[in-house]
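Per-entry structural report
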Amino acid sequence: MTETYDIIVVGGGHAGCEAAHAAATMGSKVLMVTMNMNTIAQMSCNPAMGGVAKGQILKEIDALGGMSAVISDKSMIQFRMLNKSKGPAMWSPRSQNDRMRFAEEWRLALERNTNVDFWQEMVTGIIVENDKACGVITGMGLEIRSKAVVLTSGTFLNGIIHIGEKQFGGGRTGEKASTGITEQLVHLGFEAGRMKTGTPPRVDGRSLDWSKMEEQKGDDEPEKFSFRPETEPLIKQKSCYITYTNPEVHDILATGFDKSPMFNGRIQGIGPRYCPSIEDKINRFSERNRHQIFVEPEGWNTVEIYVNGFSTSLPEDIQMKAMRKIAGFENAKMFRPGYAIEYDYFPPTQLNHTLETQPIEQLYFAGQINGTTGYEEAACQGLLAGINAHQKIWGKDAFNLMRSEAYIGVLIDDLINKGTDEPYRMFTSRAEHRILLRQDNADLRLTRKGYELGLATKESFNQSKQKEKDINSLLNDLKQKKVEPREVNPMLESKGSAAIHVKSSVFQLMKRPQIHISDMFNITEPLTEYLNKYENSILTSTDIQIKYQDYIDKEYKLAEKMLNLENVKLNKELDFFNMPSLSSEAREKLSKMRPDTLGQATRISGISPSDISVLMVYLGK
């Protein structure tokens, strides 16, 4: 390989795809090296994108110019906006996706980018000269040179798959593990660790009795992830289903605990706290007599079903026996059993905010190698690593996002400053400024930044500017538009809101919690005609802005106050387990880490802003 690349991306998962696409779009010549080109952008776990906080991350990736939201829209089979019964800071878009179409769309997107080349082979080492990454060494001994390397190895570094008492090397079922890189990096001074994740069985949908399950349809009016006009909301959708385990299922599973690698000590890595295996759930929550199982189709034209909630590494015969006691699964046929996988990761405290490693310059880590879990968390890291690798080699300023600017900024700040000893997953509770970081305004927050980088298109930038202009125009007009009591009181009364007695502005009426902009249609014909000029996204964002402006202002003041927490000392003798208002994770982590100040406590992984508030109240007493 005589050609020298600007950037080599190692790995073709969600992080690798975003890294390669971003750097190449910005003008770098990129080589993606992957062990199997047929598994680029493979959805290794569930066939879904988005969800709580993850949907916001997808929107942010899209606003910056990344591709995950577009790919998700193009491969979507169902859409749901989660948490609509809560405030808009909690609204989180989620999709079910066609696994095969998702991978195909990503492959096509990368192939259409003329700055991306591909090479199928295992990377066994990084070329390091003068403490700088200068390329990679492959399993065949090829040396491929570059100005920077982005390592996105997923679960492949020394991966070991566990099914009951069986274990074998692999980064994913049917694929071999990657070896050599961990050993080299440890020799160069890096600290490495082990983590564990798992996946449930896949079953034949033709063998299930769907009548015994609860149908879970998509939204009546589905939306989409991308702000760009190149994708459209779904017209038809595919349903998911819900069923439950029962005591008989739990009893059968328990018979295999002595053969479970999780309980007999063969698995050393720490698993994801918020996505535990079914054996972990029935062990930790023994008081519960059932657990929810989501039955998710893998695509439009396949009978393969993902059994979400039944992740397990028990022997396959016990998996099958227990699963057939679940309602609707009495005659289930298994395509492949669930399994656990252990893999190497590198504590992310060894990184800079750009995701460049501290020991080796021009080497970037993104995805599960940094201790995260989830497609979306990996994708946004890949995006930032690709951007910053490009910026570095072309002598441009590093690109960072603050915690108050994006969930991506929260995630990276958490990883760099707090580190993690268990798979990190993003939640809305991790963001202290989440009312500022809503899914509806990601384009307003970030598209300008993406455009200035040369990643987001001019069309996207102009669209976001027009959206901002329309919202401001609508806000100002609603302050001027007045309605008579006789015109609006019937609607107010139907919503349980007090009647008005004098002519009032639409703006003031919409500040009421029960009244939304959709309620202002059909009040008067001129008002209806005026509102009809605006798209739903403009109306929704304006509605939120009117209702939450006071809270938004308070968020900025709160951010300033948080800077003072470093001065609040914590007594080393504090008994956190005697503070019932703290989350169980907070009690556990605070007792273990023993932070010196309240400021340090805020940076411990898993300590939420609400936990800090509890501590502040306790200290005040």
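This write-up is about the structure you can find in this document. On a predicted model such as this, the values are computed, not experimentally measured, just so you know. (Residues numbered from 1 in each chain as written. Predicted model: local features only at pLDDT ≥ 70, side-chain atom pairs only at ≥ 80, totals over all residues. Heavy atoms only, no water.)

Helix and strand content of the protein chain: 19 helices and 22 strands. For 621 residues, the compact-globule estimate of 2.2 N^0.38 gives 25 Å, and the protein chain sits close to it at 25 Å. Overall, the C-alpha framework of the protein chain stretches about 80 × 65 × 60 Å when taken along its three principal axes. Contacts in the protein chain between residues at least 24 apart in sequence constitute 72% of all its contacts with a sequence separation of at least 6. Accessible surface, the protein chain as shown: approximately 26,300 Å² in total, 47% of it carbon and sulfur. (Helix = DSSP H or I, 4+ residues; strand = E, 2+ residues; numbered from the N terminus. Rg over C-alpha atoms; globule rule 2.2 N^0.38 Å. Contact = heavy atoms within 4.5 Å. Areas by Shrake-Rupley, 256 points an atom, 1.4 Å probe, with all protein chains shown as cover.)

On to a nonpolar patch on the surface, then. Residues Val-568, Tyr-618 and Leu-619 make up a contiguous nonpolar surface patch of about 230 Å² in total accessible area. Topologically, Val-568 is positioned in the loop between α16 (536-562) and α17 (584-593). Classification of Val-568 by relative accessible area gives partly exposed; the value is 30%. (Patch = residues over 30% accessible without salt bridge, like charges linked within 9 Å, V, L, I, M, F, W, Y side chains within 5 Å. Salt bridge = Lys/Arg side-chain N within 4 Å of Asp/Glu carboxyl O. Buried < 20%, exposed > 50% of the residue type's maximum accessible area, 1.4 Å probe, protein only.)

Our next topic: the sheet that holds strand β11 (residues 166-169). The four strands are arranged β11-β10-β19-β12 in an open sheet whose pairing can be described as antiparallel. Single-partner strands in this sheet number two, and they are β11 and β12 (193-199). Neighbour-to-neighbour, the strand axes of this sheet turn through a mean angle of 25°, independent of strand direction. In this sheet, strand β19 (residues 339-345) lies alongside β12 in antiparallel orientation, the contact comprising seven bridges. Bridge pairing in β19 places Thr-197 opposite Ile-341. (Pairing = 2+ DSSP bridges. Axes fitted to C-alpha atoms, helices over the stretch in contact; angles between N-to-C directions.)

Let us look at the packing of helix α2 (residues 54-64) against helix α11 (residues 442-453). Between α2 and α11, the least distance of the axes is 7 Å, while the angle of their chain directions is 35°. Relative to α11, the crossing made by α2 is right-handed. Across the interface between the two elements, Lys-59, Glu-60, Ala-63 and Leu-64 of α2 pack against Ala-442, Asp-443, Arg-445, Leu-446, Thr-447, Lys-449 and Gly-450 of α11. (Left-handed = near helix turned anticlockwise from the far one by under 90°.)

Its volume calculated, the second largest pocket comes out at about 1,500 Å³. Forming the walls of the second largest pocket are 49 residues, and the residues nearest its centre are Glu-223, Asn-536, Ser-537, Ile-538 and Thr-540. For the lining of the second largest pocket, the secondary structure elements donating two or more residues are α12 (458-480) and α16. For the lining of the second largest pocket, the class distribution of residues is 17 nonpolar, 13 polar and 19 charged. (1 Å grid on protein atoms, 1.4 Å probe; cavity = no way out; pocket = protein on both sides within 12 Å on 5 of 7 lines; lining within 4 Å. Points joined across faces, edges and corners; volume = space filled by probe spheres on them. Nonpolar A, V, L, I, M, F, W, Y, C, P; charged D, E, K, R; others polar.)

By the definition in use, this model includes 34 salt bridges. Between Asp-204 and Arg-206 there is a salt bridge, with the nearest N and O atoms lying 2.8 Å from each other. On the accessibility criterion, Asp-204 (5% relative accessible area) is buried. Note on Arg-206: relative accessible area 65%, which makes it exposed. Close ionic contact of Asp-280 with Arg-284 constitutes a salt bridge, the shortest N to O distance being 3.3 Å. Here Asp-280 pairs with Arg-284, and both are found in helix α7 (residues 278-284), just four residues apart, close to one helical turn. Given the relative accessible area of 16%, Asp-280 is considered buried. Exposure remark for Arg-284: the relative accessible area of 39% places this residue in the partly exposed category. Salt bridges linked by common partners bring Arg-273, Glu-422, Glu-585, Glu-588 and Lys-589 together as one network.

A complete count under the given rule lists eight aromatic pairs for this structure. Seen from their ring centres, Trp-210 and Tyr-241 are 4.8 Å apart, and the 50° between their planes marks the pair as tilted. Of this pair, Trp-210 sits in the loop between β13 (202-204) and β14 (214-216) while Tyr-241 sits in strand β15 (residues 240-244), placing them 31 residues apart in sequence. Here Trp-210 falls in the partly exposed class, since its relative accessible area comes to 28%. Judged by centre distance (5.5 Å) and plane angle (70°), the rings of Tyr-530 and Tyr-534 are edge-to-face. Assigned by exposure class, Tyr-530 and Tyr-534 land together as buried. Among the aromatic residues, ring-to-ring pairing joins Phe-190, Phe-346 and Phe-365 into one connected group. Positioned above the aromatic ring of Tyr-244, the side-chain terminus of Arg-290 is 3.6 Å from the ring centre. Its end group placed over the ring of Tyr-551, Lys-554 keeps NZ or CZ at 5.7 Å from the ring centre. (Phe/Tyr/Trp six-rings, centres within 6.5 Å; stacked < 30°, edge-to-face > 60°. Lys NZ or Arg CZ within 6 Å of the ring centre and 35° of its normal.)

Applying the stated criterion across every chain yields a total of one cavity of 30 Å³ or more. Looking at the largest cavity, its volume works out to about 40 Å³. Lining the largest cavity, in full, are His-353, Leu-384, Phe-399, Asn-400, Leu-401, Gly-409, Ile-412 and Asp-413. Among the elements that line the lining of the largest cavity, the one with the most residues is helix α10 (residues 407-418), at three residues. Here the residues of the lining of the largest cavity are counted per class, giving four nonpolar, three polar and one charged.

With that out of the way, let us pick up the sheet that holds strand β5 (residues 92-97). The strand order across the open sheet built from three strands is β3-β5-β4, with neighbouring strands paired in antiparallel fashion. Lying at the two open borders of the sheet, with one neighbouring strand each, are β3 (48-50) and β4 (76-82). Adjacent strand axes in the sheet meet at a mean angle of 20° when their direction is disregarded. Alignment of β4 against β5, held across six bridges, turns out to be antiparallel.

Glancing now at the nonpolar core. Ranked by size, the top nonpolar core spans 96 residues in total, and within it Trp-106, Leu-363, Phe-365 and Ile-408 carry the most contacts. Considering every element that reaches this core, the biggest residue donor is helix α9 (residues 375-393), with nine residues. Contacts of Ile-408, omitting those with residues within four sequence positions, involve Ile-57, Glu-60, Ile-61, Leu-64, Cys-380, Leu-384 and Leu-401. (Core = buried A, V, L, I, M, F, W, Y, C linked by side-chain atoms within 4.5 Å.)

What follows deals with the packing of α2 against α9. Where α2 contacts α9, the axes come no closer than 9 Å and their chain directions differ by 25°. Judged by the inter-axis angle, α2 sits roughly parallel to α9. Read as a crossing pair, α2 and α9 show a hand that is left-handed. Contacts between α2 and α9 involve Lys-54, Ile-57, Leu-58, Ile-61 and Leu-64 from the first element and Glu-376, Glu-377, Ala-379, Cys-380 and Leu-383 from the second. (Parallel < 35°, antiparallel > 145°, perpendicular 65-115°, else oblique.)

Attention shifts here to the pairing of strand β10 (residues 160-163). Sheet topology note: the β10/β19 ladder contains three bridges and is antiparallel. Along β19, the bridge assignment pairs Ile-161 with Ile-341. Here β10 pairs with β11 via four bridges, running antiparallel. Pairing of Ile-160 across the sheet is with Gly-169, part of β11. Hairpin remark: β10 followed by β11, antiparallel, with two residues in the connecting loop; positive phi at Gly-164, about 60°.

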